[in-house]
Amino acid sequence: MILFGNKIKNNLEKLFFILAAVILLYLIQSRNALLFFINLILLNTLIRYFGLKFSLIIYGCIYIILPILIINIYFDEVDILLSNRLSIWLQGSEFSLLGRFMDISIQSNAELLKYKFHIDNFYLEFIIEAGLIAFIFLILCLFYIGYKIRYVKINGYRIISFYISFLIYCFFDAGMFSSGNFLNVFVWSVVIFALRNTKTS
């Protein structure tokens, strides 16, 4: 919130803020939160100096091409680093057009309350639970939002870098729209504000 709420006057203050935020995120032992913050600063810097298109190409290499190569070579090591998430994701990968909602036979409300599917990856959970059709619709909506806010700035920061960082964050977290997570509420509040100010240069 400080990042968007106050004007950071010079590079020394900006460096101090970044170091303090990184230390704080490390101390709370949240790899996902630290990843979100690093992506926000890195992507915003890349967009500022190289433009959005080139920055997206770089991020495509970092988060698509490079991970595929590394996982193919060091699967076990990466799996351990990610707390066995890769193994869990592969075990739960059962895709269908309409998802599990149409396949689960619920005998009572009690059984419905017992049912829970959780693999710490919002996209995989959504595609498995809701199906391919709903997942494609979701991706189109997310792309449309990104397209609409691509030029919006708050306090010198491009909101698209904030938005993309959150989308990457959701790859390692189960919730994108959960109101129980403060980060989700804050991100969507900023995105909604950006959508209402899409003419801001």
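In this text, all values refer to a predicted model and were calculated from it rather than measured experimentally.

Caption draft 1: How the structure looks around the overall build of the protein. Helix and strand counts for the protein stand at eleven helices and two strands. Counting from the amino terminus, helix and strand elements in the protein follow one another as α-α-α-α-α-α-α-α-α-β-β-α-α. The buried share of the protein, reckoned over its 201 residues, is 38%. Considering only contacts in the protein between residues 6 or more positions apart, those separated by 24 or more positions represent 63%. Entry remark: accessible area of the protein is about 13,000 Å², with carbon and sulfur atoms responsible for 69%.

Caption draft 2: Just the nonpolar core, in detail. Tyr123, Leu142, Ile149, Tyr163, Phe166, Met176 and Trp188 are the most contacted members of the largest nonpolar core, which totals 42 residues. At nine residues, helix H10 (residues 159-169) tops the list of elements feeding residues into this core. Each residue touching Phe166, except ones within four places of it in the same chain, is listed here: Phe36, Met176, Asn184, Val187 and Trp188.

Caption draft 3: Broad picture of the packing of aromatic side chains. By the definition in use, this model includes twelve aromatic pairs. Considering the side-chain rings of Phe36 and Tyr169, the 6.3 Å spacing of their centres and the 75 degrees angle between planes classify their relative orientation as edge-to-face. With Phe36 in helix H3 (residues 31-50) and Tyr169 in helix H10, the pair connects residues that are 133 residues apart, well separated along the chain. Summarising the burial analysis for this pair, Phe36 and Tyr169 share the class buried. An aromatic cluster is present here, built from Phe36, Phe162, Tyr163, Phe166, Tyr169, Phe186 and Trp188 joined pairwise through their rings. For Arg150, the ring lying beneath its charged end belongs to Tyr147, and the centroid distance is 3.8 Å.

Caption draft 4: Region of the structure containing H3. End to end, H3 covers 27 Å across 20 residues, agreeing with the expected 28 Å (1.5 Å per residue, within 8%). Within H3, burial applies to Asn32, Ala33, Phe36, Phe37, Asn39, Leu40, Ile41, Leu43, Asn44, Leu46 and Ile47. Following H3 by one or two positions, Gly51 adopts a phi angle in the positive range, close to 90 degrees.

Reading the values: the criteria
Residues numbered from 1 in each chain as written. Predicted model: local features only at pLDDT ≥ 70, side-chain atom pairs only at ≥ 80, totals over all residues. Heavy atoms only, no water. Helix = DSSP H or I, 4+ residues; strand = E, 2+ residues; numbered from the N terminus. Buried < 20%, exposed > 50% of the residue type's maximum accessible area, 1.4 Å probe, protein only. Contact = heavy atoms within 4.5 Å. Areas by Shrake-Rupley, 256 points an atom, 1.4 Å probe, with all protein chains shown as cover. Core = buried A, V, L, I, M, F, W, Y, C linked by side-chain atoms within 4.5 Å. Phe/Tyr/Trp six-rings, centres within 6.5 Å; stacked < 30°, edge-to-face > 60°. Lys NZ or Arg CZ within 6 Å of the ring centre and 35° of its normal. Expected span 1.5 Å × (residues − 1).

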